[in-house]
Structure formats: C-alpha cells, structure tokens
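Inside the fold
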Amino acid sequence: MRALVISGGGSKGAFAGGVAEYLIEEKKFNYDIFLGTSTGSLLVTHLALNKIEKVKAAFTSVSQKSIFDNCPFTIKHKNGFDSIGINHFNVLKNFIRGRKTFGESNNLRKLIAKQITQEEFFFLQESAKEICITVTNLSTHNVEYKQLSNCSYEDYLDWIWISCNYVPFMSLVTKNKCEYADGGLGTIVPIEQAIRMGATTIDTIILDTEFPQTNRMHARNPFDALSTIFGFMGDRIEYQNIKIGKLVAKQKEVKINLFYTPTVLTTNSLIFNKKKMQNWWDKGFKFAENQFINK
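What counts, and at which threshold
- Residues numbered from 1 in each chain as written.
- Predicted model: local features only at pLDDT ≥ 70, side-chain atom pairs only at ≥ 80, totals over all residues.
- Heavy atoms only, no water.
- Helix = DSSP H or I, 4+ residues; strand = E, 2+ residues; numbered from the N terminus.
- Rg over C-alpha atoms; globule rule 2.2 N^0.38 Å.
- Buried < 20%, exposed > 50% of the residue type's maximum accessible area, 1.4 Å probe, protein only.
- Contact = heavy atoms within 4.5 Å.
- Areas by Shrake-Rupley, 256 points an atom, 1.4 Å probe, with all protein chains shown as cover.
- Lys, Arg positive; Asp, Glu negative; His and termini not counted.
- Charge placed at Lys NZ, Arg CZ, Asp CG, Glu CD.
- Expected span 1.5 Å × (residues − 1).
- Core = buried A, V, L, I, M, F, W, Y, C linked by side-chain atoms within 4.5 Å.
- Phe/Tyr/Trp six-rings, centres within 6.5 Å; stacked < 30°, edge-to-face > 60°.
- Lys NZ or Arg CZ within 6 Å of the ring centre and 35° of its normal.
- Salt bridge = Lys/Arg side-chain N within 4 Å of Asp/Glu carboxyl O.

1. With respect to the overall build of the chain
Counting its secondary structure elements, the chain contains 11 helices and 10 strands. The C-alpha radius of gyration of the chain comes to 18 Å, within 12% of the 19 Å expected for a compact globule of 295 residues. Its C-alpha atoms give the chain principal-axis dimensions of roughly 50 × 40 × 35 Å. Considering the chain as a whole, with its 295 residues, one finds that 53% of them fall into the buried category. Partitioning the intrachain contacts of the chain with sequence separation of at least 6 by distance along the chain shows that 78% fall at a separation of at least 24. Accessible surface computed for the chain: about 14300 Å², of which carbon and sulfur atoms make up 52%. Seen as two clouds, the 36 positive and the 28 negative side-chain charges of the chain have centres 5 Å apart.

This is how it looks when you write it as structure tokens:
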C-alpha cells in the first residue's frame, strides 16, 4: 500500500500541492492512503479524487478574508518583506465577545464546505482509498486521527477545519465535549500513523527545509513573539515525527521518500499571498520533477 503524507505549513501548502501534482499526474503513483495535518488536510481530499486543477485553483486563491471572519493581525509590506502586527480592535472585539482566541476562522469552515461536496465525500467513502486528518484534542492532551470512512459529511468537514486552526490566532473548537485545535500542535508529519494504517511505501512532503537556513528576526510585538515560539516548537515536533517515523519504518521495512522544500519559502505562513502561492505551487512541481531526473 502506498501513502501520501503532507505536513502542516500554512500558506506553504501550495508547494506541497505542486509536488503532489507531479507525483500523481506525471509519476502516476496510485495512493491508497492520504494523510494530512493542518494545511495538508486541505489538500488530501481533492488529491484523492484526482481533482488537481480544482484544488490548485482553490488553494492558491485563498486570502486572509477567505479564512478569518475576525482577523487578529495586520500585514505590513516593507522592503520586500511581510510582517504581522496586532489588530488591536479585532482582538479586543473577540475578547468582549467572550472568545478564547485572538481571532476567529469561521470563514474557512464555510470555504471548506463550498469546496468539498457531499457527492465527492460519498464517492470517496465508497472507494478503496482512505483519507486521514490529524487533530489535537487539548482536553485529553492526545493527537487524534479522523478517517473519512468513519465520519459523517459534516463531521469530516469539521475535522479538516479543526486541523487547520492555528490556536491562539484562529478558532478553538468545542466538539464532542472536548476542545480541539490544529493537528500540528501534536503531530506535524504523521508518518507513524501511515505505517499503522498499513502503508508499505510513504511519500512524505515536509514544508520546511531539511536543515535550518535562516535566523528569525527579533520579535517586534507579542504576535511576533508567539509566532517565533510556535515556530520553534513546531520544528522540534517535526524533527521528532520524522525521527520516530524513520525508526518505525526501519523496523517494519517500510520505504519512506522525503520531499523537503529546497529553500525557505516564508517565515510567516499565516500570510496568504495569491501570487506567491501560485509561484510556490509551480516550484513544488518543478522540484519534484528534478528530484526524479537526478536519481
């Protein structure tokens, strides 16, 4: 059984889409299992349906307005770089409303419902393919894996949305009497889960460089500081996921192919820029192509 695993990475998911397009369209790899964390969860449904152009058009058109109904930060473009600042009014508005996070991402849930139809959901349920979404249960301190075959349509859409909710900037969701958030808070690269599901060959797209290539600038506000802290935590979680995944794969004689980004795409993955994401998608496709040419 062959599995495709896509890590978390916010707007960098566009690069993963390009890599996946090459693997599916050009290499003709037939995947039995698709696993996604955070941004990866937004891609896997349409990749399983082989609707590459549909997911490319949708993903590379996403903006802050597509995601946030109450965006907690501002974006400043200066000297060719993007930086985030605090939108004090929106943050205060959220607190007055009694919300538990700085911002709200209900628009993303609506967008997911528009992009994944009931017909597509039921088609996949009847197929032999399995799709798995990673979420973090903050109430039980556990990572959970939600398989499409075990979900209702509405629940499946909820899990995709939850997997992408980068708390405390996005919505903290209460479901089944538990509080859930971004799957990447626990597992960024779910290689081990792919092995548990029976995969014997795993193509893994990791939305970071293999080795550190940049030093972050000093934080200019609390949001910058939080972003840096979560970035550090994410790097350590990702490292452990890959290390454990490789160890288990060796024990189970599973083949793993790792696709890292060749360069640092962005240090602000919550900024969704259409032009940049379209470029990253193309870069991902060309990168995957070069990987096989050079073998």
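2. A look at helix α10 (residues 222–252)
A rise of 1.5 Å per residue sets the reference length of α10, with its 31 residues, at 45 Å; its end C-alpha atoms lie 44 Å apart and thus fit the reference within 8%. The positive-phi residue at the C-terminal boundary of α10 is Glu253, with phi of around 60°.

3. Remarks on the nonpolar core
By size, the foremost hydrophobic cluster in this structure holds 67 residues, and its most contacted members are Leu4, Leu23, Leu47, Ile131 and Tyr156. Those residues within four positions of Leu47 in sequence are excluded, and the remaining contacts are Leu4, Ile6, Ala20, Ile24, Phe34 and Ile52. Among the nonpolar cores identified, the runner-up in size contains 20 residues, and Ala3, Ile195, Ile202 and Ile242 belong to it.

4. Notes on the environment of Lys286
With respect to the helices, strands and loops of the structure, Lys286 is situated in helix α11 (residues 274–293). Considering only alpha carbons, one finds Lys286 and Tyr22, 264 residues apart in sequence, at a separation of 8.1 Å.

5. Re the packing of aromatic side chains
One pass over the full model with this rule turns up 18 aromatic pairs. With a centroid separation of 6.3 Å and 80° between ring planes, the pair formed by Phe29 and Tyr31 is classed as edge-to-face. Like Phe29, the residue Tyr31 is buried in the burial classification. Arranged with centres 6.3 Å apart and planes meeting at 35°, the rings of Phe259 and Phe292 form a pair that is tilted. Placement of Phe259 in strand β10 (residues 255–260) and of Phe292 in helix α11 is noted, with a sequence separation of 33 residues between them. The rings of Tyr22, Phe29, Tyr31, Phe34, Phe259, Phe285 and Phe292 are connected pair by pair, giving a single aromatic cluster. For the cation-ring pair, Lys146 lies above Trp159, with the distance from its terminal atom to the ring centre recorded as 4.4 Å. Lying across the ring of Trp159, Lys175 places its NZ or CZ 5.4 Å from the centre.

6. Things to note about the pattern of salt bridges
Here the structure, examined in full by the defined rule, presents 13 salt bridges. Residue Glu154 pairs with Arg109 through a salt bridge whose shortest N-O separation is 2.8 Å. Separated by 45 residues along the polypeptide, Glu154 in helix α8 (residues 153–164) and Arg109 in helix α6 (residues 106–115) bring together distant segments of the chain. Take Glu154: its relative accessible area is 43%, and that puts it in the partly exposed class. A relative accessible area of 13% places Arg109 in the buried class. A salt bridge links Arg196 to Glu192; the shortest N-O distance between them is 3.4 Å. Separated by 4 residues within a single helix, Arg196 and Glu192 lie in helix α9 (residues 191–196), roughly one turn from each other. Connected through salt bridges with shared partners, the residues Arg109, Glu154, Asp155, Asp158 and Lys175 form a single ionic network.

7. A few points about unusual backbone geometry
Of the consecutive residues Val167 and Pro168, the connecting peptide bond is found in the cis state with omega at 15°. As for its placement among the helices and strands, Pro168 is situated in the loop between α8 and β7 (173–175). Unusually for a residue other than glycine, Lys28 sits at a positive phi of about 60°. Looking at the element boundaries, Lys28 is found in the loop between α1 (13–26) and β2 (33–37). The backbone of Ser38 shows a phi angle near 55°, a positive value even though the residue is not glycine. Among the structural elements, Ser38 can be located in the loop between β2 and α2 (39–48). A relative accessible area of 9% means that Ser38 is categorised as buried.

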